[in-house]
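Single-letter residue listing:
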Amino acid sequence: MAPVRGAKKRKRAEKTALAPSPGLPLPPLPDGGDWWDVFFRRIAGRLSSPSLLLLASPVLIKVQSRVSPCFFRYRQSSFPREHQSMESVLMMSRKTFDYICSLVKKDLTTKTYGFRNFRFGDKTILGVEDQVAVALMRLTSGESLQNIGMWFGMNHSAISNITWRFIESMEERAICHLKWPSPEEIATIKARFEKIYGLPNCCGAIDTTHILMCSSAQPNSRVWLDKENKNSMILQAVVDADMRFRDIVSGWPGSMDDSCILRTSGFYRLCEKGVRLDKQMELPGGSLVREYIVGDASYPLLPWLMTPYQEQGLPAAKAEFNKRHKAATTVVENALATLKGRWRVIQGELWRPDKHRLPRIIFVCCLITNIIIDMEGTPSKEMLVTGNHDLGYKQQLSNVADDNAAKQRDVLSQYVSAGE
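A short tour of the structure in this document, coming up. (Residues numbered from 1 in each chain as written. Predicted model: local features only at pLDDT ≥ 70, side-chain atom pairs only at ≥ 80, totals over all residues. Heavy atoms only, no water.)

A few points about helix α12 (residues 316–342)
Inference 1: Its 27 residues give α12 an end-to-end C-alpha distance of 39 Å, which sits within 8% of 39 Å, the value for a rise of 1.5 Å per residue.
Inference 2: With 19 of 27 residues buried, α12 is to be regarded as a mostly interior element. (Helix = DSSP H or I, 4+ residues; strand = E, 2+ residues; numbered from the N terminus. Expected span 1.5 Å × (residues − 1). Buried < 20%, exposed > 50% of the residue type's maximum accessible area, 1.4 Å probe, protein only.)

Considerations on the nonpolar core
Inference 1: Among the nonpolar cores identified, the biggest contains 88 residues, and F152 and I368 are the most heavily contacted of them.
Inference 2: Here this core takes eleven residues from helix α13 (residues 358–376), the largest share from any one element.
Inference 3: Shared between two domains, this core holds at least three residues of each, these being domain 1 (85–177) and domain 2 (178–419).
Inference 4: Core analysis: the next-biggest nonpolar cluster, separate from the first, contains 15 residues, I186, C203, F267 and L305 among them. (Core = buried A, V, L, I, M, F, W, Y, C linked by side-chain atoms within 4.5 Å. Domains from an automatic or database assignment.)

Details of the packing of helix α6 (residues 128–141) against helix α7 (residues 145–152)
Inference 1: For the pair α6 and α7, interaxial distance at closest approach is 11 Å and the crossing angle is 135°. For the element pair α6 / α7, the angle class is oblique. Classified by chirality, the crossing of α7 by α6 is right-handed. Along its contact with α6, which presents V134, M137, R138 and S141, the element α7 presents L145, I148, W151 and F152. (Axes fitted to C-alpha atoms, helices over the stretch in contact; angles between N-to-C directions. Parallel < 35°, antiparallel > 145°, perpendicular 65-115°, else oblique. Left-handed = near helix turned anticlockwise from the far one by under 90°. Contact = heavy atoms within 4.5 Å.)

A short note on the sheet that holds strand β1 (residues 202–212)
Strands belonging to one sheet form pairs held by backbone hydrogen bonds; the direction of such a pair is parallel or antiparallel.
Inference 1: Ordered in space as β3-β2-β1-β6-β7, the five strands form an open sheet in which the pairing is mixed. On the outer flanks of this sheet lie β3 (245–253) and β7 (305–306), each paired with one strand and no other.
Inference 2: Where strand β2 (residues 232–239) and β3 come together, seven bridges link them in antiparallel fashion. Directly across from A237, in β3, lies its bridge partner I248.
Inference 3: Contacts from α12 reach β1, β2, β3, β6 (292–295) and β7, with the element oriented near 45° to β1.
Inference 4: Of the strands in this sheet, β1, β2 and β3 are in contact with α13, which crosses β3 at around 165°. (Pairing = 2+ DSSP bridges.)

What is shown is where atoms sit, not what they do.
Here it is, written out as structure tokens:
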């Protein structure tokens, strides 16, 4: 009689687990060496690890056909060779890094419910500096959690947990670095704008940029489709003359235009109520000019928001105003371009974006940018990223103009042309 079907069980093929690559033994430190040197040699030294090179070769890994092609991309990622120092890796000085560590140290070392130590692939426990560096590398590189995990021999979930503990701590501990300026600071900002751009009583510049996201399968995902048919989130920023972020708004979908984002912001309500940008300055001749910021033609012309003239064939005075106005708005354009250049996690499509967490990522990136400026001064030309921060997006236009704002703009145009 034939055997009962299924009585003889097939022997399942054994699955070979991929073991994490062990960390390399670090060479002795030179005299005076410290954590800064150890960490850089840890991440840079893993490039030559035989086990890492073996793990990075798709030819030598036997996997079943159902494994995603992304698996190979993660396994082939290695630490970028262009970095020659920790400063180039973390995009900041040692002094700034130490200050950030001091801000978050308590939160990263407090043992709460569910607390656990994170370890590198060689079982070394991550200290505060290690955790901050890992989180910063996630933000500056824009690499996936899997790729960064490969650099350190760590699980991607550990990288995610470290990054979010850091972000949550910075939101609370570093909030003082992103705030509307005090009256004394406003006076300094206005003096800077007049000295550099010749615009009196100017308190800042405003612009928006799109943060691209992966496509979503959620029912309301079409609301995130912008006019260029890309999934994106809007960041609105007001910056001072040193490219320090003074007010930001993020979280709104890319389908909204600049004017709409402005009107839904708390910044707009405060300015309309006269809580912000309400002081007046008397120009030679007796004309009064209210405090204002400058913005491009996508914004409405308001008493506290000066936009350029849009007509053709402008007279000399108006043309001169537009020239100075354009130069002043360049400061926010460079600030946003540099923000995206430094924090590549918000440049291009994010890995597995979370529409609830993304605004928090953006906020912390702006926070740390301000800390770098506070600690190291205005970015040098070598550190600036210039060019179009919103490449592929057309210039929006607004035809809304307040009558009093139009009169004030004319006064400003006469003032700047008289100074020529």
